[in-house]
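The primary structure of each chain is shown beneath.
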Amino acid sequence: MNIALVKESAKALVKLQGDTGLKKVDIVNRAIQLYEFIAGELKDGRQVVVRGDDGQEVLVKIFM
């Protein structure tokens, strides 16, 4: 499968490769699985929250 990425996504993919040492295919596979998980949670009426080291929570707005 070949996919064309927009410029911002291609840059993010290269950055993630540098940060993680993973192959592009592994990053894309993980991204798809994460997207599917988050979409399911939102569909079930749940929210996505990020908690910082200080315990403060921030609601993540995701538009699907």
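Here the residue numbering is sequential within each chain, running from 1 through the sequence in written order. The predicted origin of the model limits local features to residues at a pLDDT of at least 70 and limits the giving and counting of side-chain atom pairs to 80 or more, whereas totals for whole chains, interfaces and linings rest on all residues. Note: side-chain values were computed over all heavy atoms of the structure, leaving out hydrogens and water.

Visitor: I keep staring at helix 2 (residues 24–43) and nothing clicks. Help me out?
Guide: Spacing of three or four residues puts side chains on the same side of an α-helix, whose turn is 3.6 residues. Strands are runs of DSSP state E lasting at least two residues, helices are runs of H or I lasting at least four, and both sets are numbered from the N terminus onward. What a helix should span is 1.5 Å times the count of its residues minus one. Relative to the 28 Å expected for 20 residues at 1.5 Å per residue, helix 2 spans 28 Å between its end C-alpha atoms, a close match to the ideal helical length. Looking at the residues trailing helix 2, positive phi occurs at Gly-45, about 85 degrees.

Visitor: What's the story with the pattern of salt bridges in this structure? I'm lost.
Guide: If the charged atoms of two oppositely charged side chains come close together, the side chains can form a pair. Just to be clear on terms, a salt bridge is a Lys or Arg side-chain nitrogen sitting within 4 Å of an Asp or Glu carboxyl oxygen. Here the structure, examined in full by the defined rule, presents four salt bridges. Its salt-bridge partner being Arg-46, residue Asp-44 comes within 3.3 Å of it at the nearest N-O pair. A 1.4 Å probe rolled over the protein chains alone gives each residue an accessible area, and that area as a share of the maximum for its type sets the label: buried under 20%, exposed over 50%, partly exposed in between. With a relative accessible area of 56%, Asp-44 lands in the exposed category. Between Arg-51 and Glu-57 there is a salt bridge, with its nearest N and O atoms 2.8 Å apart. Salt bridges sharing partners connect three or more residues here, namely Glu-41, Asp-44 and Arg-46.

Visitor: Would you take a moment to explain the pairing of strand 2 (residues 57–60) for this structure?
Guide: The two faces of the sheet receive side chains in turn, since in a regular strand these alternate between them. When DSSP finds two or more bridges between two strands, those strands count as paired. As judged from the four bridges shared by strand 1 (residues 48–51) and strand 2, these two strands associate in the antiparallel manner. When the bridges of strand 2 are listed, Val-49 appears paired with Leu-59. A loop of five residues connects strand 1 with strand 2, the two strands running antiparallel in sequence, and Gly-55 in this loop sits at a positive phi of about 90 degrees.

That's the geometry; what it means functionally is another story.
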